[in-house]
Amino acid sequence: MDTPLPQLDRLFDYQIPREFADEAKPGVRVKVPLKSAGRVLQGYIVEVGEETDPERALAEIDTVVSDAVVLPDRLYRLARAVADRSAGSATDVLRLAIPRRMVRAEKAWLAHPEGPDIEPIPGATDDLGSYPGLTDALTAGERLALDAPPGVVGLVPEWARLLASIAASALDRGTSAIIAVPDHRDLDRLLSGLDGIVPAGAIVRVDADQTAQERYAAYLRTTGAGPCVVVGNRSAVYAPVADLGVLAIWDDGDSSFEEPLAPYAHARDVALVRQSLDGGALVFCGHSRSSDVERLVSIGFAVSVGPERRRSPRVVIAAPQDTPNTGRIPSAAFRSARQALELGPVLVQVARPGYAPSLVCAECRSPARCASCGGPLHAPARGATPVCSWCARAALGWQCSSCEATSVRLASSGSERTADELGRAFPGVRVIVADGAHPVQTIEDQPALVVATRGAEPLAPNGYRAVLLLDGERMLQAPDLRIGEACLRGWSNAAALAAPGAATHLVGVTGPVARALATWNQPAYARTELMERAPVKMPPVVRVARVEGDVPQLEKALVRLGADAPGLSPDAILGPVPLADVSGRKRARALVRFDYGRGTAVAESLRASVIEAAVKSRSRRPRGPAEAGRPRTPTNTLSVRLDVADPDL
């Protein structure tokens, strides 16, 4: 049933009326009565059987909504497994997997349910030859950590061509492929890589930029029996293709793969669950490797695969120099950029967008704050009045709360200010800004300075002639447990856009992250991260669950957890710690750290506590006359989230 109530997260038996005997089949949408709530709910038929007890009275199905099979058994099994692993509801998973029903698209699909004929393209898998044993590993359905090759051919990244060849190999075997990428930029680049390698009729795009009609039509296509190649964002891992040959995730360390909706299952974890159920090969591909994938390699659950001939960008570690001619750019990097501009475009990566993302007092250097809401002030342009980043109020007549000074100074340079500085340092050279406010997909193969933030770098034909990575020290100061991984991933992706032999200058950064980039040995840094996290029991070495609720409910859940999951270490539970009061009720939070082997027991125990609290919340005392007409405050506030994202810790 499509309901948010956790106590209804199970299968219900209903009788099929005679008039629906032919229409009521597994996977179709139906409407059924729920007597306890006195209303009709929408749901899906999971299984059809015969009732053996003649005295058992069953309610009848109210309506069969459609003949379209939108919930194949393979998708239900996946939703149930993901929900059980995450201590959530299968209904929540199905809301992420199945798009909203569109009648027009559904009628078109029912009229022509068969997909187009797929003819493999000769030579589509030639790029796999540079990876020894990769074809055999894909055929055997292994789990692979694949090192992507750097470089750009035309306007197609090498990694897109590699994944396209992997998808083509699945089609050659008569199976389907699923490729999930972080965002629309990577999706467009992947589609360009599929062109000429995978038949156009076999490609099914699934992403949030589609209209509701297009997305539902694409989903219905994936429920068919014919092979296809599904490409999309994190929800693509749920595509219910009939015969899965390979499931690939590009750049799994990107935060876009973290699901913000319950049960908050990461696309990487969903892919692991699905591969255990449906088989097929599982590929984690990227220029940099996340510590999560490296943990799988370290325990032998995945195999690391690299090219036969290693190609790595030429990375130069440049110490920052404060010279009046080059500003934030060291002299060696400045000369390299000037020489490269004679051949083509140069990429300059910066930390933040805008002109001056942060301001400080010109006298005492205290952060400049808004007098109305206390938010940080920023300068939208040169000479402009400071503006609050929170409430957008202009700070007219600003005065420092510490020293009462009335002037501010720039504390950091964004993409627009960097472009302004480079325009003066390189007169006559075109400067292009590429960030969230100024999206640029591709540029021409002409001399130009491209100032971009991480992840917003446009493609240059056959690569950039030089790459400058600025603000590295500022990036590493972000309050994030995985900031080293995130920076290394962003820098590696930018360095991979360089032309063969072009220099990549990393400014102002030393230490393990810089060494990993300079030697192009990102797995070694991931191994170091795992070694440092093991003694302090931080993810991904262990799994972490966050439990929040009223103090009595939380304490009862933790006591139950100790009984249901024996063997937890004494320091497994952190807390509880008090939270802000809500409606006069005392609330608290606790973190539970546990090994992967105890994941099933922990998830079942915490889920049982949530269901018990939800059931008890329905048995409340009778309402008096004074309470009539008032909305009832729910007494169940117990919530659980497994595999908490590191920034939320």
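The coordinates are above.
My aim in this report is to walk through the structure given alongside it, one point at a time. (Residues numbered from 1 in each chain as written. Predicted model: local features only at pLDDT ≥ 70, side-chain atom pairs only at ≥ 80, totals over all residues. Heavy atoms only, no water.)

### With respect to the overall build of the chain
The condition that has to hold: Counting from the N terminus, the helices are the DSSP runs of H or I reaching at least four residues and the strands are the DSSP runs of E reaching at least two. Put simply, the radius of gyration uses C-alpha atoms, and a globule should come to 2.2 Å times the residue count raised to 0.38. In this analysis, two residues are considered to be in contact whenever any of their non-hydrogen atoms come within 4.5 Å of each other. Accessible areas in this description were obtained via Shrake-Rupley with a 1.4 Å probe; residue shielding takes into account the shown protein chains only. In summary, the charge assignment counts Lys and Arg as positive and Asp and Glu as negative, without counting His or the chain termini. Lys charges are placed at NZ, Arg charges at CZ, Asp charges at CG and Glu charges at CD.
Scanning the chain for helices and strands turns up 17 helices and 26 strands. Its C-alpha atoms give the chain a radius of gyration of 28 Å, within 12% of the compact-globule value 26 Å for 649 residues. Seen through its C-alpha atoms, the chain measures out along the principal axes to roughly 90 × 70 × 50 Å. Pairs at least 24 residues apart make up 72% of the contacts formed inside the chain by residues separated by at least 6 positions. Carbon together with sulfur atoms contributes 51% to the accessible area of the chain, which is approximately 29800 Å² in total. Each charge class in the chain can be summarised by its mean position, and for the 74 positive and 76 negative side chains these summaries are 6 Å apart.

### Examining the nonpolar core
Applied cut-off: What makes a nonpolar core is a set of buried Ala, Val, Leu, Ile, Met, Phe, Trp, Tyr and Cys residues whose side-chain atoms join them at distances within 4.5 Å. Accessibility here uses a 1.4 Å probe with only protein chains present; expressed as a share of the type maximum, an area under 20% marks a residue as buried, one over 50% as exposed, and anything in between as partly exposed.
In this structure, Leu 75, Val 82, Ile 98, Ile 178, Val 230, Val 237 and Tyr 238 are the most contacted members of the largest nonpolar core, which totals 51 residues. Per-element tally for this core: the top contributor is helix α1 (residues 73-86), with 6 residues. Not counting chain neighbours up to four residues away, the residues in contact with Val 237 comprise Leu 78, Ile 178, Ala 180, Leu 247, Ile 249, Ala 267, Val 270 and Arg 274. Core analysis: the next-biggest nonpolar cluster, separate from the first, contains 38 residues, Val 156, Trp 159, Ala 177 and Ile 197 among them.

### Some remarks on the packing of helix α5 (residues 158-172) against helix α6 (residues 184-194)
Test applied: Whenever a helix is involved, its axis is fitted only over the stretch in contact; in every case the axis is a line through C-alpha atoms, and angles between N-to-C directions fall within 0 to 180 degrees. Angle categories are assigned with fixed cut-offs, so that under 35 degrees is roughly parallel, over 145 is roughly antiparallel, 65 to 115 is roughly perpendicular, and the rest are oblique. Whether a crossing is left-handed or right-handed is set by the direction in which the near helix is turned from the far one by less than a right angle, anticlockwise for left-handed and clockwise for right-handed. Residue classes follow a fixed rule: Ala, Val, Leu, Ile, Met, Phe, Trp, Tyr, Cys and Pro count as nonpolar, while Asp, Glu, Lys and Arg count as charged, and any other residue, Gly among them, counts as polar.
As a packed pair, α5 and α6 sit with axes 8 Å apart at the nearest point and diverge in direction by 60°. It follows from the interaxial angle that α5 and α6 lie oblique. Two packed elements cross with a definite hand, and for α5 against α6 that hand is right-handed. On α6, the residues touching Trp 159, Ala 160, Leu 163 and Ala 164 of α5 are Asp 186, Arg 189, Leu 190, Gly 193 and Leu 194. In terms of residue class, the contact of α5 with α6 is built from 6 nonpolar, 1 polar and 2 charged.

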